[in-house]
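Report on the structure
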Number of protein chains: 6
Amino acid sequence: MTVTCFGEVLLRLSPSARRLLVQADGVDLAIGGAEANVASALASLGHPVRFAGVVSDNPLGDRALAALRGCGIDTGHVARAPGRMGLYFLEAGSGPRPSAITYDRAGSAFAEAAPESIDFGGALAGARLFHCGGITPALGPKGVALARAAQAAARSLGVPICFDGNYRARLWAAWDNDPAAILRELVDDAAILIGNHRDISLLLGSDFSGDGEGRRREAAEAAFAAFPNLQLIASTARHLVTSNHHRISARVDARTADYQTEEIDVTGIVDRIGTGDAFAAGVLDGWLNGGDLATMAQLGLALAALKHTIPGDMCPVTRAMLDGFGAGASDVRR
Amino acid sequence: MTVTCFGEVLLRLSPSARRLLVQADGVDLAIGGAEANVASALASLGHPVRFAGVVSDNPLGDRALAALRGCGIDTGHVARAPGRMGLYFLEAGSGPRPSAITYDRAGSAFAEAAPESIDFGGALAGARLFHCGGITPALGPKGVALARAAQAAARSLGVPICFDGNYRARLWAAWDNDPAAILRELVDDAAILIGNHRDISLLLGSDFSGDGEGRRREAAEAAFAAFPNLQLIASTARHLVTSNHHRISARVDARTADYQTEEIDVTGIVDRIGTGDAFAAGVLDGWLNGGDLATMAQLGLALAALKHTIPGDMCPVTRAMLDGFGAGASDVRR
Amino acid sequence: MTVTCFGEVLLRLSPSARRLLVQADGVDLAIGGAEANVASALASLGHPVRFAGVVSDNPLGDRALAALRGCGIDTGHVARAPGRMGLYFLEAGSGPRPSAITYDRAGSAFAEAAPESIDFGGALAGARLFHCGGITPALGPKGVALARAAQAAARSLGVPICFDGNYRARLWAAWDNDPAAILRELVDDAAILIGNHRDISLLLGSDFSGDGEGRRREAAEAAFAAFPNLQLIASTARHLVTSNHHRISARVDARTADYQTEEIDVTGIVDRIGTGDAFAAGVLDGWLNGGDLATMAQLGLALAALKHTIPGDMCPVTRAMLDGFGAGASDVRR
Amino acid sequence: MTVTCFGEVLLRLSPSARRLLVQADGVDLAIGGAEANVASALASLGHPVRFAGVVSDNPLGDRALAALRGCGIDTGHVARAPGRMGLYFLEAGSGPRPSAITYDRAGSAFAEAAPESIDFGGALAGARLFHCGGITPALGPKGVALARAAQAAARSLGVPICFDGNYRARLWAAWDNDPAAILRELVDDAAILIGNHRDISLLLGSDFSGDGEGRRREAAEAAFAAFPNLQLIASTARHLVTSNHHRISARVDARTADYQTEEIDVTGIVDRIGTGDAFAAGVLDGWLNGGDLATMAQLGLALAALKHTIPGDMCPVTRAMLDGFGAGASDVRR
Amino acid sequence: MTVTCFGEVLLRLSPSARRLLVQADGVDLAIGGAEANVASALASLGHPVRFAGVVSDNPLGDRALAALRGCGIDTGHVARAPGRMGLYFLEAGSGPRPSAITYDRAGSAFAEAAPESIDFGGALAGARLFHCGGITPALGPKGVALARAAQAAARSLGVPICFDGNYRARLWAAWDNDPAAILRELVDDAAILIGNHRDISLLLGSDFSGDGEGRRREAAEAAFAAFPNLQLIASTARHLVTSNHHRISARVDARTADYQTEEIDVTGIVDRIGTGDAFAAGVLDGWLNGGDLATMAQLGLALAALKHTIPGDMCPVTRAMLDGFGAGASDVRR
Amino acid sequence: MTVTCFGEVLLRLSPSARRLLVQADGVDLAIGGAEANVASALASLGHPVRFAGVVSDNPLGDRALAALRGCGIDTGHVARAPGRMGLYFLEAGSGPRPSAITYDRAGSAFAEAAPESIDFGGALAGARLFHCGGITPALGPKGVALARAAQAAARSLGVPICFDGNYRARLWAAWDNDPAAILRELVDDAAILIGNHRDISLLLGSDFSGDGEGRRREAAEAAFAAFPNLQLIASTARHLVTSNHHRISARVDARTADYQTEEIDVTGIVDRIGTGDAFAAGVLDGWLNGGDLATMAQLGLALAALKHTIPGDMCPVTRAMLDGFGAGASDVRR
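One structure accompanies this document, and this report is about it. (Residues numbered from 1 in each chain as written. Chains lettered and ligands numbered in written order. Predicted model: local features only at pLDDT ≥ 70, side-chain atom pairs only at ≥ 80, totals over all residues. Heavy atoms only, no water.)

Side note on the sheet that holds strand β6 (residues 86-91) of chain B
One open sheet accounts for eight strands, arranged β7(A)-β6(A)-β2(A)-β3(A)-β3(B)-β2(B)-β6(B)-β7(B); its pairing is mixed. A single partner strand is all that each edge strand has here, and the edge strands are β7 (100-104) of chain A together with β7 (100-104) of chain B. Neighbour to neighbour, the strand axes of the sheet diverge by 30° on average, direction disregarded. Sheet strands in contact with helix α2 (residues 59-70) of chain A are β2 (10-14) and β3 (26-32) of chain A together with β6 and β7 of chain B, and its direction is about 60° off that of β3 of chain A. Packing against the sheet, helix α2 (residues 59-70) of chain B makes contact with β6 (86-91) and β7 of chain A together with β2 (10-14) and β3 (26-32) of chain B, and its axis sits at approximately 60° to β3 of chain B. (Pairing = 2+ DSSP bridges. Helix = DSSP H or I, 4+ residues; strand = E, 2+ residues; numbered from the N terminus. Axes fitted to C-alpha atoms, helices over the stretch in contact; angles between N-to-C directions. Contact = heavy atoms within 4.5 Å.)

Quick look at helix α10 (residues 275-288) of chain E
Residues and elements named next belong to chain E. Compared with an ideal rise of 1.5 Å per residue, which puts 14 residues at 20 Å, α10 spans 20 Å between its outermost C-alpha atoms and is within 8% of the ideal. By the criterion of burial, α10 is predominantly enclosed, with 12 of the 14 residues buried. Considered for burial, the residues of α10 that qualify are T275, D277, A278, F279, A280, A281, G282, V283, L284, D285, G286 and L288. With its phi angle positive at about 75°, G290 sits one or two positions after the end of α10. (Expected span 1.5 Å × (residues − 1). Buried < 20%, exposed > 50% of the residue type's maximum accessible area, 1.4 Å probe, protein only.)

Some points on the interface of chain D and chain A
With 25 residues of chain D at the interface, the matching set in chain A holds 18 residues. Interface of chain D and chain A: buried area, both sides summed, is about 1,900 Å²; carbon and sulfur atoms make up 60% of it. Along the contact surface separating chain D from chain A lie zero salt bridges. The interface formed by chain D and chain A holds three residue pairs in polar contact (both at pLDDT 80 or more) in total. Mapped by element, the contributors of at least two residues to the side of chain D that touches chain A are β7 (100-104) and β11 (232-242) of chain D. Of the residues in the side of chain D that touches chain A, the class split is 10 nonpolar, eight polar and seven charged. (Buried area = accessible area lost by both parts, 1.4 Å probe. Salt bridge = Lys/Arg side-chain N within 4 Å of Asp/Glu carboxyl O. Polar contact = N/O pair within 3.5 Å; in protein donor to acceptor, adjacent residues only side chain to side chain. Nonpolar A, V, L, I, M, F, W, Y, C, P; charged D, E, K, R; others polar.)

Here's the deal with the relation of the copies chain A and chain F
Laying chain A over chain F is done by rotating through 120° and shifting 0.0 Å along the axis; what remains is an RMSD of 0.0 Å. In symmetry terms, the pair is related by a three-fold rotation axis. (Least-squares fit on C-alpha atoms with pLDDT ≥ 70 in both.)

Points about the state of the cysteines
Residue and element names in this part refer to chain C. Evaluated as defined, the whole model comprises zero disulfides over all chains. Here C5 stays unpaired: no disulfide links it, and the sulfur of C162, its closest cysteine neighbor, is 8.8 Å away. Residue C5 is classed as buried on the basis of its relative accessible area, which comes to 0%. (Disulfide = S-S within 2.5 Å.)

Quick look at the environment of A222 of chain D
Residues and elements named next belong to chain D. With respect to the helices, strands and loops of the structure, A222 is situated in helix α9 (residues 213-226). A sequence separation of 25 residues divides A222 from H197, and the C-alpha atoms of the two residues are 9.9 Å apart. Apart from the residues within four sequence positions on either side, A222 is in contact with L204 and F208.

Regarding the packing of helix α10 (residues 275-288) of chain A against helix α11 (residues 293-307) of chain A
Residue and element names in this part refer to chain A. Look at α10 against α11: their axes get within 7 Å of each other, and the N-to-C directions meet at 145°. Here α10 and α11 pass one another in a crossing that is right-handed. Note on element contacts: α11 touches α10 through M296, L299, G300, L301, L303, A304 and K307, opposite T275, A278, F279, A281, G282, V283, D285, G286 and W287. (Left-handed = near helix turned anticlockwise from the far one by under 90°.)

Some thoughts on the packing of α2 of chain B against helix α2 (residues 59-70) of chain F
The contact between α2 of chain B and α2 of chain F brings their axes to 7 Å, and the two run at 140°. If you check the angle between α2 of chain B and α2 of chain F, you find them oblique. In terms of crossing hand, the pair formed by α2 of chain B and α2 of chain F is right-handed. Across the interface between the two elements, A66, R69 and G70 of chain B from α2 of chain B touch A66, R69 and G70 of chain F from α2 of chain F. (Parallel < 35°, antiparallel > 145°, perpendicular 65-115°, else oblique.)

Following this line, the structure appears as structure tokens:
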């Protein structure tokens, strides 16, 4: 059954071979955006996926649609509108140098879209899950309206909502707002929350900081208390060794149970962007297939780990690649 | 003696090998903008050139400055400001397919700049010529204010002004204005106008259309009558055979004389963008060196022709290359 | 209403910058195949398009599907099967050097497929047109069976058939057969034939060679006489000046009328492959929109001409690009 | 004195920058094949090397020959034949993602070749060593015949045979055979076997699995007992940390002595393919120069380690690079 | 029977996509040199070819050798020596912009080589033809000594000499010499001279300038009179339309007969470098196969024309490509 | 206040993707040279920087100047002269394979320049610091004269000198000289020395080898004793783990104090070239801003570490990137 994803689609432009922008005579072009990345991962794993959104009615919008379609995503409910595509420029780091993003997404056709320009009802018809998140409302009052309209449509059709926190401080800081209040209202609709104790701290105005698993369970329990519709919270923890080497673990909290994976080393990082979205998609893959907490956490961790090794924002990992993860050997598959 | 150029600097992104954007996984990055292109050409020919303007205080602005400096342009009077760089996407055509530009320049740091953010006095100190044109005022009321402030500074310092018409209908159509009135006021300051009979028709509200040289002289004389400061008008005529093959000629009109070149074939076109700016630079190179009308027209034509064969917006043609133009032979120079 | 296309999807591998294979350290990868190219063109023009076929159940098959989907083609009826993808290697020519193709398509998953592995009924449900052609039966007895099964399904569902002759002598020569007999049977089902007087000569065992339009009309009339279901015959004539410069014209014959375009020059050729498929798509675009013979011929000619300027086999020309063709000017579209 | 190598030459196609095939718009092209790789390494180290085999009589075969010749290999005894070149597609892994190979080698001109199409006598005239291995017989009954004919020629000319096990389960599984019986017959001719305890287990139908050096010596002794012509067995052990980081050691067993190196870390892996062939070549380099067991093992280990850092299948390591290995410092050589 | 070629091998570095060096962040690397180019063409056509010369004993020399070997040239008589490889930088022109070469070849290992460092006797053993030319003596007194030693060896072994004039004014101007005297002595050994009426004017101190065929025959006859060993003179005439479009014709003069081809258009020029060497090779191919004057001239013209369409200095045109030239059609070869 | 740097500018040519030169069909082009690299780093950090030197009066010299200018370096005092640019070829290593440099810099326009060809007085006017080093005198007697003239000018203008040892044994070995004597004379002028205990051992003819910090302090004290003008000595220590992983520390010695940093791991090395120059620039950045020993050492270490992750010789690290170093986190900066 279909998963419907909703959000902004972005063009990413990044110099190759770890060049800085100031050195670049060319840039690789990729298509991304948090919800599009989740959509790409679920579609690559074989789930029917529909995307809702707005892209520019120009060749850049055509390019974005081609990327979504290439993954097998149904783009029949992506509206076209005048205006610009949101862009971002990525300088990929290495070793002691962090990756750096220069955003150029303000005023995009998506950010300026009116809720009625998108046929949410059609996009959600017969869907088993609706995936959205915290970037859309961060774009401004129009983004809040879009997010509310999308979730209202899902609620009225009885489609469960997965909300990915994706807190972007810089976007919220660009206009006058109360992010916690806005996000609380949106999370209140969600059955699944992708977010860690920092996201929950922000939502609830409490401080759940600290490293231990106990602290994370406390945060989860507070969120379950605050949001009665919420059934599942999924999150990763990430320790940065260098730009090419991270350590990540995953956990999934339900109301009465939880599962925390071991921390694994992810070395040889090719592209860190979209790894959180791959995690969300892995968890949702488990959920859609009726997996238990451990399965969801491990699928999320595996998909996130694999995404670190693949260029681009999207996650074209197939079921076979995912099944092969962590089988112990990593020699050439012939 | 120094030439000061003023205008917006743009980043250009274009797929290689004549791909369309919808097919592109990467784009070449070049720096351009009409006045920056003129600056690059004059600096490459050995003139001291200063650029005035505003670029973003981010890595894209750094990239733009690096390109200007790489040509030998003094960027000490380019201000940095928050905001985005104007961009455009180019799909290079071939044969029967025209090149196509998708602009994404609205709301740039330059277009939003206040006149006082630029030290026009410093940029113009001791300059022998000030080059600007009709794109800046087309950007909106703030652009008009920038253009007026720049020209006012030149007037007050007694620096002659070269104004390149560069009429961009789409930009003027995007806000409420009377382009002819705005441009007339600006052209009224100019000693040199780069523009053809169509530009003059627009400025004067008359119709000088038609193919003959006589018609062009009529237009020039009308312009000289309307603009008492104007000493020189330079223009090209272009006939399009295919996207890879144009025919161009040049003319320069003074108040009491004119010169019209033969039409030449330009084949093997690699990059048509910036060829008009190269023409302007060739004319100004002649003017700066005290050349007569024929010299100015022929240098303009030669530089324009050569620019068609060089990738990018800018014009890195050296004096030796320019001197070698049209020597009859085009075999390998060993 | 949906157009259903059926045929083999091929991977194309070609050195860039006019290199020969013997010089190549890398090759560009594109997806093609005659019917896939037609599908790409129709989808890019906005028609709903479904593809039927078989691609390998490996990453190369994934790549092929991604390309079809990227154009907006519905691939829900493309079966996956063990076996190889058909490949071909292209050395693009220039000037006096012709382009050269090295085929490596024998024994592909498609060529080995059994008719029952494809759900032709589903692929054709509700379709307004079925597009197929002469390459599939040329692949061998299994290909003949596939072609027959496909057309039988279209007949039984009352979907009109467009058959593109696409005679490939080398494929027919590789096994024991009577191509004319096989093709006659298949063309007998068709309402539309893409093919010129040479194709008709082959089908009917007559000789309609010769240069004039009269000869072509004679051939068409003979075909209409031989194939009572046939309503329309569309063809191009191509004169080769050099590898970068062809002259092409188009004609469409109906039973009682015909239309022949002027011959136009196509210079600056970037990629000649797939231009015949683009022609077919242009004719079908006119047919689907109820255009008259002249419209069909001119759309076919325009789409073919534009395709020569775009890299790859597929034809990602949008409606706006097609509408802009031949408007007289080919200067940069800003 | 000349070394003659015999086997299939393959074209390898792989996306750059760790892309997956589904993301690729181009692939790097390299030439390989186990025995060709050994030949390339020995030739690069300065040994006269002759290659025997069959490549296609098309541009891909030309490309393969150009690569062999470029290394300095004498290709005068490589036959040309109609038919396809064997191909394989490589997706290079990183960190937790293993590299993956998609083979497309069935039905190649080599696999279909008759023994009499190759002048083994000429290729082996005056040779000091004949290198072949277990992939050729795995290709099918024709491959077995080729392998037998090649070894018969070497036997009759008194040229010692080095046989590299190179067991490829997928190839053997594709047709009806008894691999152990076929390989036993071939290994029985060999003076040198490249293969570890797993290869020997397969050959002898015994189980020598286990990690210790003792176990490996037991396997070697069993092989020496079973194959009276065998004088030397060389093998590596590889522990996989990640796709970019392996640990490898080498050992060489003679009838009455053996040598086992330390395990070394190989990090920064650029290309794992062909490293086993580089190992074999290093051992043979030692053998050809009359080195002792330790020298052979250390040269094999060094060449294998260096090959991990070089793109492509072949091993263009020069004598100077090999001599410099492990000198302790790895700073820039100026 | 073997052809032995002798001369300097150069590395060529050139920006791609018609960029200027001042714009380049990378350069394509190719191997060339007039005599190496002839060798590559003859070897690609299937002639056994041996190269004599000196290349650096560093990785650049390895690269040069790999290129020669890749064409199938026997490099067993190329000496290695300390010192640098000669380089040149090429900026490929387009349309009205000529290609430009920046030489950096002074002081190369070849230019500094002593005659005794090359085993001319071995290189020439059993050869049917020796090909050399006028660049080697232009390098300086050491170059003259090399050229003399090489020709002396050929004379003493009775190997006919083909001498390609290849007059390079800049090289001769760099040291104190009398080029006509030096070249006369060398041409006096030759059976075949590649050179036109301008070369002969220089050699003989007469002026044979002028456009007509008659003038060229006069020049040839004067050369035959001056050089009693000379049997054949081959030359091209080239008219430059643009950098991408030349017109060329060929002629071959014998003592009592001559043959002049039609002038043909060569459009779509990809790489003009090495086209004169390809012409020489085509003539020699005819000569080696016992062709008449017309055959030699037409093969030379065909190979030269084809070379214009292939990147690099060398000429990898196969017999099949050469045979296909001018068959009238230039459509895709499938 | 301005820093003036003086030295040779080199072109670097290196295959991408860790290829060897023997495998390369193209090379990346970068501009470097020890003092140019320091200049690039200081200019990128915002210091006014002037460069003095000589580059070729050809397109390669234009390219070099464009790179210097692109960083914001004032090249008004770089002379142009006939002759070649110094080049070097870099094969970047990985893991166990060291990077390798093939120099081709002999006889460059710089190495042949007469001191009077450079206006040192103008280049140093008003400068706060003069940076030069030990490569210029290593080029030969003319280089020694250049170095002496440059330092004499600085002395006479009272500009403090920073001298970077940069001992290149291969250059000194190429001609007859006493490096220690020549360098002692030059270092005697310096206020700042970039060099470690090995450099000091060479200068003083003593042996300060050994690993401990004490030994390094001893060396520094001996240098302070020998060179009364010397105020500061800065050096790094580098331990090589693999080609991609180094450990580095930095120290700065003053006459009465010193500071030694911790050793840090630098992994994910992209380009090791120019990292010593980046260190020098970091130290000088601290010195120019009046920082204490710890600040100088830490800035040097940080800039060196970051440079390892950036392609090319130059160091385009901005103030913001430098400030962000070592802040603990290395996740994506959004």
